[in-house]
Amino acid sequence: MHIRRSKWRVLLLYFLAVAAVTAHGQANGEQSDVSEEIGLDEEDMEALIADGEEEEEDKATDFDEVKQKSPASDKVFQVTYKTPVPTGDVYFAETFDNGSLGRWQLSKTVKEDADDDIAKYDGKWAVEQLKVNKVPGDQGLVLKSRAKHHAISAMLDMPFIFANEPLVVQYEVNFQDGIDCGGAYVKLLSDTGDVNLEQFHDRTPYTIMFGPDKCGEDYKLHFIFNHQNPLNKDMEEKHAKRPDVDLKKFYTDRKTHLYTLVLKPDNSYEMFVDQSSVSSGTLLQDVVPPVNPPKEIDDPNDTKPQDWDERAKIPDPEAAKPDDWDEDAPAKIEDPDALQPDGWLEEELEFIPDPNAEKPEDWDVEMDGEWEAPQIPNPACEATPGCGPWKRPMINNPRYKGKWKAPLVDNPNYQGVWKPRKINNPEYFEDLQPFRMTPFKAVGLELWSMTSDIYFDNFIITSHKEVSDRWASDSWGLKKLVASANEPGMFAQLMMAAEERPWLWVVYILTVGLPLGLVVLFCWPKKSDDYVYKKVDVPQANVEEEEQEGEEEEDEEKAEAADKDVKDTESAESEAEEAEDDVDATNLTGDHAELDAENTDGEEQEEEDEDEESKTSERRLEVEAEGGGDGVESNKQAAGSSASAASSSLNRVDRSVISSNSPQSDIPHMTTSPTSLCGGIGLHSVGFLLVCLQ
């Protein structure tokens, strides 16, 4: 039992140690994999995490450094920030690190379909640092007002024309205070020739709208583009399919996230969040409504003929109602077998006026009518089956069948469900290059939000994904690195998760309480001593053992008698031989007399032993002569019984010794204490855990 319990304890502590090591490894793995998540190689990481001496030497006016200390460890590292510079051709790049809006223009117009008190685009903007996980020297554009319309825009360095190069749009967003209802998407304003940024509003023509949007529990990542109908030149919005991943965490974790849209000349598109793909497709198949209308449509002038029969089943015209079918039979009838219970008081009323009720003093007969006492249950009915007129209970009518209907059969005139005929779509067109959209020349943010402090940073528009990736590693990558270093410990993360999902408390209690309960159950000491003394009861011989011992004693007596006869016979023979030896001894010389005198005592003892052996031999011969062939078998049984008797005797001797040595039968049995066992296992497990954590 102790060995089995020890195995369970060792297994339990082993699993706890493995879980702790795994959690520690995951925590370390998150920081060690930062360079892979943000796309940095070893040289880039060495440039970001520099030694203190090198940073002091390389300081410049456009550089700032930040020292971060990980809450999970005592390691201090320094991150050097430099305003990112595009490494290739770009159409637009903005970091806001100069602290001013500069090229950005606030809208001065009003929203047409809004109330006068909120119609103006008077929401406030500011350039400032993040609230948490700051990188000194890095600033961004912050939406500062809530429940207001915001509009701000900036011109591109040069218009983007959809031709033979891809389009890459990328920027950062941080919902610093979470988000209740609002968006953080950008609009690429179409190049219509008369773009006035001061008049930027919700109806300003745009080519593409991209970015996060949320209201209620609907989390979206928009990709909308305006497509021009080649026939009538009308613009129509096309919405890409929803992403395949859960976007909620990007709105609730209050971290800076990187949003990227890649649009290629082969009409394919792909959206990324934090450089991980969340949605992809083609402009020809994965947008709603489709770019190209159907070739055929239903004829709007076609009508269904009056004799068109769409009934698949009809009542059987040859069926007739059976003669015994009674449609008037009620569904319920009185139970004819029911009897009135004994003691039923038919003369008593079930309810009577309350005799203790009194008319209120302010009762007005003219206004309130004649006063009547309220009804109460009749006390006389409490001890009886019931009061008032007795009625038989209702039961189902066995003859009830309801309204008769003819069974349904296949309709021989069934023509199917009518559909209008198809005709050629007069508005049909086929655009196999929806990528060739309207050029755009400005980027803008036109937003309504119920939450303030939405942070935007590091806008870039280019034709090369490599350029945007490098831009991200020099900007968003540093934010990611700092946020990872400042990540709260495991306990804090568990508490934060439980605040968002209260049901996790049940999981925590089971996870912690179950192992703790097992440890207490198996390892909690019952006594403080290292040795436990157990009282051993004096063994009691049962009746069967006594009978067996009696039989064994009888067998022993028989065996002893046979042995005695054999010894007697052998003793007689030895006496005869001794007599002859005595005659020879008298003829010996005097030289041997002294030696004989010295050996006399020993020979006399030997003679007595030989006499007994001779007598035993004679008795054995007599027994064999009387019993014949059974003598041999009886001797064997006697020998076996003698061995059993000897064993029983030894057992009795042992018990008697134990009993005599322990008057109170308190015999100490040394057993391993649970405290020492669990303590040893616990120390070894803790040592193993510490080695693994190091």
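Rules used in this analysis
Residues numbered from 1 in each chain as written. Predicted model: local features only at pLDDT ≥ 70, side-chain atom pairs only at ≥ 80, totals over all residues. Heavy atoms only, no water. Helix = DSSP H or I, 4+ residues; strand = E, 2+ residues; numbered from the N terminus. Areas by Shrake-Rupley, 256 points an atom, 1.4 Å probe, with all protein chains shown as cover. Buried < 20%, exposed > 50% of the residue type's maximum accessible area, 1.4 Å probe, protein only. Contact = heavy atoms within 4.5 Å. Disulfide = S-S within 2.5 Å. Patch = residues over 30% accessible without salt bridge, like charges linked within 9 Å, V, L, I, M, F, W, Y side chains within 5 Å. Salt bridge = Lys/Arg side-chain N within 4 Å of Asp/Glu carboxyl O. Lys, Arg positive; Asp, Glu negative; His and termini not counted. Charge placed at Lys NZ, Arg CZ, Asp CG, Glu CD. Pairing = 2+ DSSP bridges. Axes fitted to C-alpha atoms, helices over the stretch in contact; angles between N-to-C directions. Parallel < 35°, antiparallel > 145°, perpendicular 65-115°, else oblique. Nonpolar A, V, L, I, M, F, W, Y, C, P; charged D, E, K, R; others polar.

Undergrad: Please set out the overall build of the chain residue by residue, giving values where relevant.
TA: Helix and strand content of the chain: 14 helices and 27 strands. About 44100 Å² of surface is accessible on the chain, with carbon and sulfur atoms providing 51% of the total.

Undergrad: Describe the side chain of Thr109, naming the residues involved and giving the relevant values.
TA: For Thr109, the location among the structural elements is in the loop between β4 (105–106) and β5 (125–128). A relative accessible area of 13% means that Thr109 is categorised as buried. When residues no more than four places from it in sequence are discounted, the contact partners of Thr109 are Lys120, Tyr121, Glu198, Gln199, Phe200 and His201.

Undergrad: Any chance you could break down the state of the cysteines for me, citing the residues and the numbers?
TA: Per the stated rule, a full pass over the model turns up two disulfides. Across the disulfide from Cys181 sits Cys215; the S-S distance is 2.1 Å. Judged by the sign of its S-S torsion, about -90 degrees, the cystine formed by Cys181 and Cys215 is left-handed. Placement of the pair is Cys181 in strand β9 (residues 181–183) and Cys215 in strand β11 (residues 206–215), with a sequence separation of 34 residues. Each sulfur in the disulfide pair Cys381 and Cys387 lies 1.7 Å from the other. Across the disulfide from Cys381 to Cys387, rotation about the S-S bond amounts to roughly -125 degrees, and the bridge is consequently left-handed. For the pair formed by Cys381 and Cys387, the shared burial category is buried.

Undergrad: If you had to explain a negative patch on the surface to someone new, which residues and values would you point to?
TA: Together, Glu361, Asp362, Asp364, Glu366 and Asp368 line one region of the surface with negative charge. Summarising the element assignment, Asp362 is placed in the loop between β21 (351–353) and α6 (365–368). For Asp362, a relative accessible area of 66% gives the class exposed.

Undergrad: Account for the pairing of strand β27 (residues 454–462), with residues named and values stated.
TA: Counting buried positions over the nine residues of β27 gives nine, a clear majority of the element. Bridge count for strand β8 (residues 167–175) against β27 is seven bridges, and the pairing is antiparallel. The residue bridging Val169 from the neighbouring strand is Ile461, located in β27.

Undergrad: Would you mind going over the packing of helix α9 (residues 490–500) against helix α10 (residues 504–523) in detail, with residue names and values included?
TA: Contact geometry of α9 with α10 gives a least axis separation of 8 Å together with a crossing angle of 140 degrees. Looking at the two axes, α9 sits oblique to α10. Of α10, the residues touching α9 (which contributes Leu494, Met495, Ala497 and Ala498) are Leu504, Trp505 and Tyr508. Class assignment of the residues belonging to the contact of α9 with α10 gives a composition of seven nonpolar, no polar and no charged.

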